[in-house]
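# A closer look at the structure
The primary structure of each chain is shown beneath.
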Amino acid sequence: MNVEQFIRRFAEQFDETPTHDFTVDTRFKENDEWSSMTALSLIAMVDESYSVRLTGDDIRQSSTIKDIYDIVSAKIPNQQA
Amino acid sequence: MNAYIKAISYHLPQNQLDNAALAALFPEWGVEKIAQKIGIDTRHIAAADEFASDMAIAAAQKLFAEHSVSPARIDFILYCTQSPDYFLPTTACIIQNKLGIPVKAGALDFNLGCSGYIYGLALAKGLVAAGIAKNILLLTSETYSKFIHPGDKGNRTIFGDAATATLISTDGFAAIGEFELGTDGEGATNLMVKQGAIRYPDKNADSVNDDYGNEQSPGHLYMDGPEIFAFTSKAVPRLVADTLAKNNVDKAGIDLFIFHQANRYMLEHLRKKIDISAEKFFTYMANVGNTVSSSIPIALYEALKEKPAGPEAKWLLAGFGVGYSWGATVITF
């Protein structure tokens with residue numbers, strides 16, 4: 001799982017914020033575009049790209065993109081670092 | 001004895017809440033953008049003095065008129081709602097009287113949401129197969145609008161009120177096939193109206209904003225949208241696979257898939273995940289929103305108008321949501 005690719009995919013869920021505004025440390029809930037719809041599309045992206053089930057609780061407990069990345073990484077079976 | 005769907009009709013309340021009205025109510029919120037993603041332009045909302053049973057009665061009367069069905073022939077009423085008129089008596093009993101259905105008819109309510117239509121078909125099929133009833137009036141009716149906090153923009157954008165009536169009989173246009181049903185009460189608190197029934201009778205008027213800025217209170221409808229999305233994403237592909245297996249048909253053998261019309265975003269995700277072609281996937285929600293237990297029969301009614309089924313055509317119907325509860329079946333024309 002590639003962190004740069006993950007950030008790019010994460011950023012694609014935000015229609016208006018430029019991709020380069022996102023880093024591992026971005027506190028995504030502070031973005032004006034963040035809504036339950038963005039949360040839904042984040043779950044869909046993680047499901048489609050990594051076959052991992054991200055839950056509403058996972059998102060609730062996360063602040064930064066790194067937090068989400070770590071949760072997804074931990075859920076990927078037999079992952080390659 | 002086989003059970004068949006013989007006729008379907010539906011009723012929508014007159015009042016509407018369109019995207020322009022929502023934008024006026026919540027000017028800082030990008031309603032248009034969100035509504036476009038979820039595929040809903042307008043929703044019908046029951047009037048203050050219009051209740052789920054009134055709508056169910058209107059849907060049944062429409063069915064009687066539209067398909068020349070006499071209420072005298074109905075020998076069982078199955079009424080699916082989470083908005084009963086009273087704790088007791090059973091709303092289906094009140095409906096029997098108001099519709100002039102014979103006193104010899106059986107009647108019961110059952111409380112399910114988005115999976116309710118599938119369960120209703122399963123119960124009706126059981127009644128026919130056991131020789132208990134021959135002409136079952138399956139009614140679905142919901143007024144979630146009365147549960148939703150006025151400041152809960154998210155849920156107000158998604159849900160619409162509606163009622164449907166389906167006649168299930170010993171003959172009809174489509175045979176009801178085998179069922180796959182499921183339940184997982186672990187998800188109970190993710191879609192809930194917590195207060196106002198017996199366990200928590202007093203409604204707490206204090207409202208709070210949820211994680212996404214929607215105003216809610218334990219006396220109103222609460223939905224953890226992302227969590228529900230995660231649940232369906234896991235449960236529905238398996239539900240479809242198991243239903244196909246049970247009906248001895250493969251995906252290619254299904255001519256049309258009709259899912260609970262949750263919202264377009266969720267359905268598109270499921271469609272791609274299950275790998276169903278867009279032509280075989282019917283959606284109807286722009287004009288009605290997510291109508292809970294009425295969404296499948298409304299879509300079925302519209303699909304029958306739009307894409308008349310050929311002989312031996314097979315359509316898969318699947319419902320999933322509050323409970324969690326899910327179910328699916330295949331109907332054969």
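From a predicted model like this one, the values you see are computed outputs, not experimental measurements. (Residues numbered from 1 in each chain as written. Chains lettered and ligands numbered in written order. Predicted model: local features only at pLDDT ≥ 70, side-chain atom pairs only at ≥ 80, totals over all residues.)

## Some thoughts on the overall build of chain A
For chain A, the count of helices and strands is 4 helices and 0 strands. Relative to its length of 81 residues, chain A is compact, with a C-alpha radius of gyration of 12 Å against a globular reference of 12 Å. Counting only C-alpha atoms and orienting by the principal axes, one finds that chain A spans roughly 35 × 25 × 20 Å. When burial is assessed residue by residue, chain A has 27% of its 81 residues classed as buried. Contacts in chain A between residues at least 24 apart in sequence constitute 51% of all its contacts with a sequence separation of at least 6. (Helix = DSSP H or I, 4+ residues; strand = E, 2+ residues; numbered from the N terminus. Rg over C-alpha atoms; globule rule 2.2 N^0.38 Å. Buried ≥ 20, exposed ≤ 12 C-beta atoms within 10 Å, placed from the backbone. Contact = placed C-beta atoms within 7 Å.)

## A few points about the environment of Y50 of chain A
All names here are of chain A. Along the chain, Y50 falls in helix α2 (residues 36-50). A residue is classified by how many C-beta atoms lie within 10 Å of it, and Y50, with 17 of them, is partly exposed. Through-space distance from the C-alpha of Y50 to that of P18 is 23 Å; in sequence the pair is 32 residues apart. If we ignore the near neighbours within four places in the chain, the residues touching Y50 are M1, V72 and I76.

## Digging into the environment of E180 of chain B
Residue and element names in this part refer to chain B. Inspection of the secondary structure puts E180 in strand β8 (residues 174-183). Counting along the chain gives 30 residues from E180 to D210, while the straight-line C-alpha distance between them is 34 Å. Once you skip the residues sitting within four places of it in the chain, E180 turns out to touch L239, D242, T243, K246, G327 and A328.

## So, the pairing of strand β15 (residues 314-321) of chain B
Residues and elements named next belong to chain B. Most of β15 sits out of view: 7 of its 8 residues are buried. As judged from the 4 bridges shared by strand β13 (residues 256-259) and β15, these two strands associate in the parallel manner. Each residue of the ladder has a partner; that of I258, found in β15, is L317. (Pairing = 2+ DSSP bridges.)

## Focus on the UniProt feature "domain: Beta-ketoacyl-[acyl-carrier-protein] synthase III N-terminal" (unreviewed entry) in chain B
Per the UniProt record, the feature "domain: Beta-ketoacyl-[acyl-carrier-protein] synthase III N-terminal" (unreviewed entry) sits at residues 108-185 of chain B. Within residues 108-185 of chain B, the helical portion is 26% and the strand portion 37%, while the C-alpha atoms at the span's ends are 23 Å from each other. (UniProt positions renumbered as here; feature names shortened; annotations may be inferred.)

## Topic: the domain arrangement of chain B
Residue and element names in this part refer to chain B. Here chain B is partitioned into domain 1 (4-172) and domain 2 (178-332). Summarising the inter-unit geometry, the C-alpha centres of domain 1 and domain 2 are found 15 Å apart. Contacts between domain 1 and domain 2 engage 43 residues on the former and 47 residues on the latter. At 6 residues, helix α5 (residues 116-129) tops the list of elements feeding residues into the side of domain 1 that touches domain 2. Among the residues making up the side of domain 1 that touches domain 2, the classes are represented as 21 nonpolar, 15 polar and 7 charged. (Domains from an automatic or database assignment. Nonpolar A, V, L, I, M, F, W, Y, C, P; charged D, E, K, R; others polar.)

## Regarding the UniProt feature "domain: Beta-ketoacyl-[acyl-carrier-protein] synthase III C-terminal" (unreviewed entry) in chain B
Those residues carrying the UniProt feature "domain: Beta-ketoacyl-[acyl-carrier-protein] synthase III C-terminal" (unreviewed entry) are residues 244-332 of chain B in this numbering. End C-alpha atoms of residues 244-332 of chain B are separated by 13 Å, and the span's content is 29% helix alongside 25% strand.

## Section: the confidence of the model for chain B
Do not read the predicted coordinates in detail wherever pLDDT is low. Of the residues in chain B, 100% have a pLDDT of 70 or more, and the chain-wide mean is 95. With pTM at 0.94, the complex prediction returns an ipTM value of 0.81. (pLDDT = per-residue confidence, 0-100.)

## Considering the pairing of strand β6 (residues 135-142) of chain B
All names here are of chain B. When you tally the buried positions in β6, you get 8 out of 8 residues, the bulk of the element. Every second residue of β6 is oriented toward a common face, with N135, L137, L139 and S141 on one face and I136, L138, T140 and E142 on the other, all of them buried. Of the pairings in the sheet, the one linking strand β4 (residues 76-80) to β6 comprises 5 bridges and is parallel in character. In the strand pairing of β6, Y79 is matched with L139. Pairing of β6 with strand β7 (residues 162-169), which is carried by 8 bridges, proceeds in the antiparallel orientation. Bridging across to β7, I136 finds its partner in I168.

## Details of the interface of chain B and chain A
Every contact between the two is made by 15 residues of chain B and, on the other side, 14 residues of chain A. Elements with a contribution of two residues or more to the side of chain B that touches chain A: α2 (31-38), α7 (225-246) and α8 (264-274) of chain B. With 7 residues, α7 of chain B is the largest single contributor of residues to the side of chain B that touches chain A. In terms of residue class, the side of chain B that touches chain A is built from 6 nonpolar, 4 polar and 5 charged.

## Regarding the environment of I101 of chain B
Residues and elements named next belong to chain B. Position of I101 relative to the elements: it lies in the loop between α4 (91-99) and β5 (106-110). In this structure I101 comes out as buried when scored by C-beta crowding, with 23 C-beta atoms within 10 Å. Each C-alpha atom of the pair I101 and F229 lies 40 Å from the other, and the pair is 128 residues apart in sequence. Contacts of I101, omitting those with residues within four sequence positions, involve P71, I74, I77 and Q96.

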